[in-house]
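# Report on the structure
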Amino acid sequence: MAQKEYKELSCRDTGADCDFLVRAETAEEAISVASEHGCRIHNVCEITPEARDRMYSLTRSVWCGGEFVDIQEAGPNTLQEEWMEN
Ligand SMILES: [Zn+2]
């Protein structure tokens, strides 16, 4: 029924040629997952305050309704994480 706000951050937005996308309930969570991804996939393990600020500014709000019901029911901290490796 009610739509829920999620924060979305994609790797492509940061300039990487990568289809990773994370959607979380807060920007902090999205950035945390994106940081892990950056370390694991791109070998960028050191997140400077500047990089964090940049990721924060790239995080956008998305509103999701019915299609995310299953995820909401799975738990408040459930993250959706997708990426493709070439
Ligand atoms: Zn990536």
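Details of the structure are given in the entry above.
Residues numbered from 1 in each chain as written. Predicted model: local features only at pLDDT ≥ 70, side-chain atom pairs only at ≥ 80, totals over all residues.

Along the backbone of the protein there are three helices and four strands. Seen in sequence order, the protein has helices and strands lined up from the N terminus as β-β-α-α-β-α-β. For the protein, the proportion of its 86 residues judged to be buried stands at 17%. For the protein, long-range pairs separated by at least 24 residues make up 58% of all intrachain contacts whose partners lie at least 6 apart in sequence. (Helix = DSSP H or I, 4+ residues; strand = E, 2+ residues; numbered from the N terminus. Buried ≥ 20, exposed ≤ 12 C-beta atoms within 10 Å, placed from the backbone. Contact = placed C-beta atoms within 7 Å.)

Judged by nonpolar contacts, Tyr 6, Leu 9, Cys 11, Phe 20, Val 22, Ala 24, Ala 30, Ile 31, Ala 34 and Met 55 together constitute the single largest core of 10 residues. Among the secondary structure elements, those contributing two or more residues to this core are strand E1 (4-10), strand E2 (21-24) and helix H1 (27-42). It is H1 that contributes the most residues to this core, three residues altogether. Contacts of Ile 31, omitting those with residues within four sequence positions, involve Leu 9, Arg 52, Met 55, Tyr 56 and Thr 59. (Core = buried A, V, L, I, M, F, W, Y, C linked by C-beta atoms within 7 Å.)

The next subject is the packing of H1 against helix H2 (residues 49-58). With their axes 10 Å apart at the nearest point, H1 and H2 run at an angle of 120° to one another. Judged by the angle between their axes, H1 and H2 are oblique. H2 is crossed by H1, and the crossing has right-handed handedness. In this structure, H1 contributes Ala 27, Ile 31 and Ala 34 to the contact, and H2 contributes Arg 52, Met 55 and Tyr 56. The class makeup of the residues in the contact of H1 with H2 is five nonpolar, no polar and one charged. (Axes fitted to C-alpha atoms, helices over the stretch in contact; angles between N-to-C directions. Parallel < 35°, antiparallel > 145°, perpendicular 65-115°, else oblique. Left-handed = near helix turned anticlockwise from the far one by under 90°. Nonpolar A, V, L, I, M, F, W, Y, C, P; charged D, E, K, R; others polar.)

Quick look at H1 now. Restricting attention to buried positions, one finds in H1 the residues Ala 30, Ile 31, Ala 34, His 37 and Gly 38. Along the axis of H1, the buried positions cluster into a sector of 120°, meaning they face one direction only. Those residues of H1 that are buried lie in contact with E1, E2 and H2. Positive phi appears at Asn 43, one or two residues downstream of H1, with a value of about 60°. (Arc of directions from axis to C-beta.)

Glancing now at unusual backbone geometry. Of note, the phi angle at Asn 43 is positive, near 60°, even though the residue is not glycine. Residue position: Asn 43 is located in the loop between H1 and H2.

A few words on the environment of Leu 58. Assignment of secondary structure puts Leu 58 in helix H2. Taking the C-alpha atoms as reference points, Leu 58 and Ala 27, 31 residues apart in sequence, are found 9.8 Å from one another. Apart from the residues within four sequence positions on either side, Leu 58 is in contact with Leu 9, Asp 13 and Thr 14.

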